[in-house]
Amino acid sequence: MKKSIAIIIALVLTAAAVGAVVLGVSLTADRSSPVARALGLNDLRDYIGSQIVGVVNAHLVPQIAFETIDYEAPGTVRLGGVTLTAPSGDRVIDVSTLVVTLAEIPERGKAIRIARVEVEGGRVNLSVDPETGSIRGMRPLVKGSGGDPGGASQAPVPENLRLSRVLVLEEIKITDLDLVYDDGSGADPLTLSGFHLAMDIVPATDASAEAPGGQGWYELAFTSGRRPGLELDVEGRLNIDTLMLWTRRAEATIDLSPGTVSTLPPALAELLREHDVRGRAQASFSGSVPLRDPLSGQAGGSLSMTDASFASGEFRLPVDRLGAEVVLGEGALNLSRLDASLLGGSLQATGGTHLTEQSRPAQLSLTITDVDLERLLRATTPAGQDPSLAGLLSATVNATGSLRDREQLAGAGTLKVRDGILVRTPGLSAVAQAAEVGSLTKPGQRTHKADIEFDLVPEGAKITASRLETPTMLARGVGLVGFDRSLDLRVNAGPLEKLQGMLGQAGKLIGKLTDQLVTYRVTGTISEPSVSVAPLGIEVAP
């Protein structure tokens, strides 16, 4: 949302600055004529030109250019082929036609009053730099902001170039704007067409305990987005000198219903259908954020989601309801609450990260209760057959680490499954075959149990203790399940282990012996596990 607002601010500055430049040029189309000299148009043109050039250079990093100019007296300026280009040469914004309607004739020493700015067609280019992952030409967008090499040492903006002295806008309208996204992979860019913006701008001279006001402050009320499916509604105030944004209310809505998906570009629509992506999400935001340094803002927000789903391969994750609350303050972004109803169970989480610290330290606590694993299966199990995966899953995870360095990951967790069918557990069927215990399931019965304790390490989840029980086999194992889906587990399993469990305390003595006598090593990957047998601690091929 912050990036969307920054793009809107850039379009506003571009529209106002170019409109004023066009006005200065059109007023002095024949600077040598006696009428022009008598009216002082040359001086006025020079003043307007120097002011606009100074404003653009003082505030925006990308530079403005245009191809054609058309002035219609008394106060309409049409500009064609407007571009905003970063110093790197990356084209940030292209505007087909920019129409500026003036509210009054400009005077030297007086702020230009532009009543209306309309953008008709164009596009915003979001191109990812594959080396840095950032958007080309968008950082920095405003001088003095994060990422601007000269931001820290930049001299204050001269009083005559302050936006509050130069610009007085009342309305901005944008129609048929395209958003072009290039992920940097070399694939064809993705284009979303039909974005719009309708913004009313009114001076906010009155300050109150609730809202800031005074010189440079303007009321903002606008809607933007792409119908159907994406809407942004904002009420707040913006100081055009300091670029401080105060929002009373900012709400974004995304609706991925089948009707919305059908209006998207074919490639994106097909991808969403392939993964059964659907649902409705609403996000709200309020607070004060300096656009030059958003991470130092003080704000709060919430997210809600209903009837959502995402599928991949054989699995599908449906979310009936999700709600979350976040708080930004003193450089820290905290997830104070996340609650979700999914798969017949629930999920709760809290966490946070320090965005202003170099390492981006973070922590997360997660609790899952009675999630129905069978609902994860994308395909419906035929009547009269048992599913390949079932059970009620509960889990806890507590983790700390860095958003920029996985080597700092640490933490621990537990996992429990009851009333299950767990034959899809990586390597379990192969271990059962090696142990010659027969079938792991009985028709119509969901009796598998699992208890797992693990540590989180940079490589993955390190299982420190586990117990998995089926009607015919008991297995205990330790080892690593890697984030790269690799397996390196040592498992004791078989009828002897089942007997050991029944023998209680005496079984523990047998367990010490069986740990040395019957060990199965599970390696490979989650999708293609490999099992070998190591009797007496000596591993041999099966």
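Residues numbered from 1 in each chain as written. Predicted model: local features only at pLDDT ≥ 70, side-chain atom pairs only at ≥ 80, totals over all residues. Heavy atoms only, no water.

## Focus on the overall build of the protein
In terms of helices and strands, the protein carries nine helices and 25 strands. In the protein, which comprises 542 residues, the share counted as buried stands at 42%. For the protein, the proportion of contacts with a sequence separation of at least 24, taken over those separated by at least 6, is 54%. (Helix = DSSP H or I, 4+ residues; strand = E, 2+ residues; numbered from the N terminus. Buried < 20%, exposed > 50% of the residue type's maximum accessible area, 1.4 Å probe, protein only. Contact = heavy atoms within 4.5 Å.)

## Quick word on helix α6 (residues 266-274)
All buried positions along α6 are accounted for by Leu268, Ala269 and Leu272. One side of α6 holds all its buried residues, which, seen down the axis, span an arc of 100 degrees. Every exposed residue of α6 that faces more than 90 degrees away from the buried side is listed here: Pro266 and Ala267. Downstream of α6 by a residue or two, Asp276 has a phi angle that is positive, lying close to 50 degrees. (Arc of directions from axis to C-beta.)

## Focus: the side chain of Arg237
Summarising the element assignment, Arg237 is placed in strand β10 (residues 230-239). The exposure class assigned to Arg237 is buried, which follows from its relative accessible area of 5%. Within the structure, the side chain of Arg237 is placed 2.8 Å from the backbone oxygen of Asp206, a separation counted as a polar contact. A polar side-chain atom of Arg237 sits 2.5 Å from the main-chain carbonyl oxygen of Pro212. (Polar contact = N/O pair within 3.5 Å; in protein donor to acceptor, adjacent residues only side chain to side chain.)

## Regarding the pairing of strand β14 (residues 315-329)
One ladder, built from 13 bridges, connects strand β13 (residues 298-312) with β14; its direction is antiparallel. Looking at β14, one finds that Ser309 is bridged to Pro318. Hairpin remark: β13 followed by β14, antiparallel, with two residues in the connecting loop; positive phi at Gly313, about 65 degrees. When β14 meets strand β15 (residues 332-342), the two strands line up antiparallel, connected through ten bridges. Within β15, the position partnered with Leu322 by the bridge is Ala340. The turn joining β14 and β15, which pair antiparallel and follow one another in sequence, is formed by two residues; a positive phi near 55 degrees is taken by Glu330. (Pairing = 2+ DSSP bridges.)

## Let's talk about the pattern of salt bridges
On inspection of all chains with the given rule, the structure shows 20 salt bridges. Across the pair Arg280 and Asp255 runs a salt bridge whose closest N-O atoms are separated by 3.7 Å. With Arg280 in strand β12 (residues 278-290) and Asp255 in strand β11 (residues 244-256), the pair connects residues that are 25 residues apart, well separated along the chain. Put simply, Asp233, Glu235, Arg249 and Glu251 are held in one network by salt bridges that share partners. (Salt bridge = Lys/Arg side-chain N within 4 Å of Asp/Glu carboxyl O.)

## Description of the nonpolar core
Counting 52 residues, the largest nonpolar core has Leu98, Val100, Val117, Ile172, Met199 and Ile201 as its most contacted members. The element contributing the most residues to this core is strand β4 (residues 91-102), with six residues. Of all hydrophobic cores here, the second largest spans 23 residues; its members include Met473, Leu487, Val522 and Val531. (Core = buried A, V, L, I, M, F, W, Y, C linked by side-chain atoms within 4.5 Å.)

## Considering the pairing of strand β3 (residues 76-85)
The buried fraction of β3 amounts to eight of the ten residues, a majority that puts the element mostly inside the structure. Both strand β1 (residues 63-65) and β3 contribute to a ladder of three bridges, which runs antiparallel. The residue of β3 that forms the bridge with Gln63 is Thr85. Two elements, β3 and β4, share nine bridges in a ladder whose sense is antiparallel.

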